[in-house]
Amino acid sequence: MKKLETTFAGLNLKNPFIVSSCNLTNSAEKNRRWEEAGAGAIVLKSLFEEEIEAESGWVQEGTHTEEQDYLFAYYRAHRLDEYLQLIKESKKQCTIPIIASVNCFRPTGWTDFATQMEQAGADALELNVMSVCADLDYTYGAYEQLHLDILREVKKAVTIPVIVKLGRHFTNCIPLIHQLYANGASAVVLFNRMAAPDININTLTYANADALGHPSDLHESLRWIGLASNRVPKLSYAASGGVVNGESMVKAILAGASAVEVCSVLYRRGDAPIQEMLDFLGDWMAHNGYESLNDFRGAMNAKKQGSAAAFERSQFFKQFGRFE
Ligand SMILES: Cc1cc2nc3c(=O)[nH]c(=O)nc-3n(C[C@H](O)[C@H](O)[C@H](O)COP(=O)(O)O)c2cc1C
């Protein structure tokens, strides 16, 4: 299985299958089982800054009573401590890299999380900076700038590799990725999955649409990894979204990914897809005469003659024209 080895964010992985951040990675026991099932690395469930604030009833704006400040400090310390235990226990029970994950939406006030996660033994830190920007007075570019501000603060605090997981709603994520690289990011994950709102027409309440992803989610990752790995080649990429079988894993690597971060198919089918996907990858490589992932990583990215146009085309007239 040596030929499946890969380097992602400076970490040496025995294979490119990473169990992505979700509740499937929120206990050391579960993480040990993912390793036994063949995973190359694990991203722990995110620690959510927003959730800690909501639980404690704390709001950023305005003044706080002493009681509010106390509750916030209590929840914050308690949740952080639980998370540090998860890192320490997972590191005890697993030999594969353990990547901690923080969901944050402000550049300051929480970077001590990052320091303590590094001290607890995390091999890398994944930043999941995802929010809906819907303010009327939103300044274009502010969301991109937020990613950079957060990354800069974290880089001051830690020496472990920092990975940035992006949401899929950017007009053009390539200049951002270029700036992330310039500010010390080791890797980028394309893309995170946003909760999708739905409405129950009988109860007139809001609900979440299908929480799990679909195979068709892969195409946007292929587009942007295909473009970005050509234009910003010095950092590593992981595809997340719609990686559900060996074929989709091969496509992600051909587009330029060093790894895949997988979630929904594990919720649907348990741990069986891990070995199936790795077996498929090994067989496909043998069939095509590839000795290592480096032999074909990025072989179908935008540098391949003519494929830049394929990635950049927003509408395929011939293809759409067939549908009358
Ligand atoms: C139930 C569920 C929980 C998730 N929780 C997190 C999380 O805590 N942090 C995070 O960065 N991504 C989270 N994600 C996103 C996944 O890690 C993954 O990036 C996304 O679902 C796309 O991959 P998939 O198509 O294989 O599901 C979650 C996804 C699901 C479905």
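Reference entry: report on the structure contained in this document. (Residues numbered from 1 in each chain as written. Predicted model: local features only at pLDDT ≥ 70, side-chain atom pairs only at ≥ 80, totals over all residues. Heavy atoms only, no water.)

Taken N-terminus to C-terminus, the directions of helix H1 (residues 28-36) and helix H3 (residues 66-93) make an angle of 35°; their axes are 8 Å apart at the nearest point. At the point where H1 passes H3, the crossing takes the right-handed sense. Contacts between H1 and H3 involve Ala-28, Glu-29, Asn-31, Arg-32 and Glu-35 from the first element and Leu-86, Glu-89, Ser-90 and Gln-93 from the second. When grouped by side-chain class, the residues that make up the contact of H1 with H3 number two nonpolar, three polar and four charged. (Axes fitted to C-alpha atoms, helices over the stretch in contact; angles between N-to-C directions. Helix = DSSP H or I, 4+ residues; strand = E, 2+ residues; numbered from the N terminus. Left-handed = near helix turned anticlockwise from the far one by under 90°. Contact = heavy atoms within 4.5 Å. Nonpolar A, V, L, I, M, F, W, Y, C, P; charged D, E, K, R; others polar.)

The next point concerns unusual backbone geometry. Backbone torsion omega between Leu-190 and Phe-191 reads 5°, so that peptide bond is classified as cis. One non-glycine residue, Ala-9, lies in positive phi territory at about 55°. Looking at the secondary structure, you find Ala-9 in the loop between strand S1 (6-8) and strand S2 (11-13). Exposure remark for Ala-9: the relative accessible area of 2% places this residue in the buried category. Phi at Leu-204 takes a positive value of approximately 50°, unusual for a residue other than glycine. Residue position: Leu-204 is located in the loop between strand S10 (197-200) and strand S11 (205-208). (Buried < 20%, exposed > 50% of the residue type's maximum accessible area, 1.4 Å probe, protein only.)

Where S10 lies against S11, four bridges are found, and the strand directions are antiparallel. When the sheet's bridge partners are listed, Asp-198 is paired in S11 with Ala-207. If you look at the hairpin formed by S10 and S11, you'll find four residues sitting between the two strands, and Leu-204 has a positive phi there, around 50°. (Pairing = 2+ DSSP bridges.)

Around the ligand sit 20 residues in total, of which Ser-20, Ser-21, Ser-46, Ser-240 and Ser-264 are the nearest. Relative to its unbound accessible surface of 610 Å², the ligand loses 89% to contact with the protein. Spatially, the ligand is embedded in the largest pocket. In terms of residue class, the shell around the ligand is made up of eight nonpolar, nine polar and three charged. (Near = heavy atom within 4 Å. Areas by Shrake-Rupley, 256 points an atom, 1.4 Å probe, with all protein chains shown as cover. 1 Å grid on protein atoms, 1.4 Å probe; cavity = no way out; pocket = protein on both sides within 12 Å on 5 of 7 lines; lining within 4 Å. Sits in = over half its atoms within 2 Å of the grid points.)

Helix-helix packing is described using two parameters, namely the angle between the two axes and the distance between the axes. Interhelical geometry of helix H5 (residues 142-157) versus helix H6 (residues 173-182) gives an angle of 15° and a closest axis separation of 10 Å. As summarised for this structure, H5 and H6 are arranged roughly parallel, according to the angle between their axes. Pair H5 / H6 crosses with right-handed handedness. Contacts from Glu-144, His-147, Leu-148 and Leu-151 in H5 reach Leu-176, Gln-179 and Leu-180 in H6. When the residues that make up the contact of H5 with H6 are grouped by side-chain class, the tally is four nonpolar, two polar and one charged. (Parallel < 35°, antiparallel > 145°, perpendicular 65-115°, else oblique.)

What the largest pocket holds in volume is close to 1,100 Å³. Every residue lining the largest pocket is counted, 43 residues in all, and those nearest its centre are Met-130, Asn-192, Arg-193, Met-194 and Ala-195. When residues of the lining of the largest pocket are traced back to their parent elements, those giving at least two are strand S13 (259-262) and helix H9 (264-269). Sort the elements by how many residues they give to the lining of the largest pocket and H9 lands first, with three residues. When grouped by side-chain class, the residues that make up the lining of the largest pocket number 20 nonpolar, 15 polar and eight charged. (Points joined across faces, edges and corners; volume = space filled by probe spheres on them.)

With 87 residues, the main nonpolar core has Met-117, Leu-127, Leu-166 and Ile-177 as its most contacted residues. The contact partners of Leu-127, leaving out residues within four places of it in the chain, are Val-102, Trp-110, Ile-150, Leu-151, Val-154, Val-162, Ile-163, Val-164 and Lys-165. By size, the runner-up hydrophobic cluster in this structure holds 14 residues, among which are Phe-8, Leu-11, Leu-13 and Ala-124. (Core = buried A, V, L, I, M, F, W, Y, C linked by side-chain atoms within 4.5 Å.)

Its 16 residues place the ends of H5 23 Å apart at the C-alpha level, agreeing with the 22 Å of an ideal helix rising 1.5 Å per residue. Turning to H5, its buried residues number three or more, namely Tyr-143, Leu-146, His-147, Leu-148, Ile-150, Leu-151 and Val-154. Close packing links the buried residues of H5 with helix H4 (111-120), strand S7 (124-128), strand S8 (162-166) and H6. (Expected span 1.5 Å × (residues − 1).)

Turning next to the side chain of Asn-192. Relative to the elements of secondary structure, Asn-192 occurs in the loop between strand S9 (187-190) and S10. Under the relative-accessibility criterion, Asn-192 is labelled buried at 11%. Among residues more than four places away in sequence, those in contact with Asn-192 are Asn-128, Met-130, Lys-165, Leu-166, Gly-167 and Arg-168.

Let's shift gears to the pairing of S9. Taking every second residue as pointing to the same face, both faces of S9 are buried, with Ala-187 and Val-189 on one and Val-188 and Leu-190 on the other. Relative to S9, S8 is paired through four bridges, and the arrangement is parallel. Paired with Ile-163 across the two strands is Ala-187, which belongs to S9. In terms of handedness, the path from S8 via H6 over to S9 forms a crossover that is right-handed. Alignment of S9 against strand S12 (residues 236-240), held across four bridges, turns out to be parallel. Opposite Val-188, over in S12, you have Tyr-237 as the bridge partner. (Right-handed = clockwise from strand over helix to strand, strands pointing away.)

All chains considered together, the criterion is met by six aromatic pairs. Seen in terms of ring centroids, Tyr-138 and Tyr-140 are 5.9 Å apart; in terms of plane orientation they differ by 90°. Their pairing is edge-to-face. When its relative accessible area of 26% is taken as the criterion, Tyr-138 is described as partly exposed. Look at Tyr-140 and you get exposed, because its relative accessible area is 79%. Taking the centre distance of 5.5 Å and the plane angle of 15° together, the rings of Tyr-143 and Phe-170 count as stacked. Here Tyr-143, found in helix H5, pairs with Phe-170, found in the loop between S8 and H6; they are 27 residues apart in sequence, far enough to count as distant. Residues Tyr-143 and Phe-170 agree in their burial class; the two are buried. Members of the aromatic cluster, connected to one another through ring pairs, are Trp-284, Tyr-290 and Phe-296. (Phe/Tyr/Trp six-rings, centres within 6.5 Å; stacked < 30°, edge-to-face > 60°.)

All quantities given are derived from atomic positions and should not be read as evidence of function.
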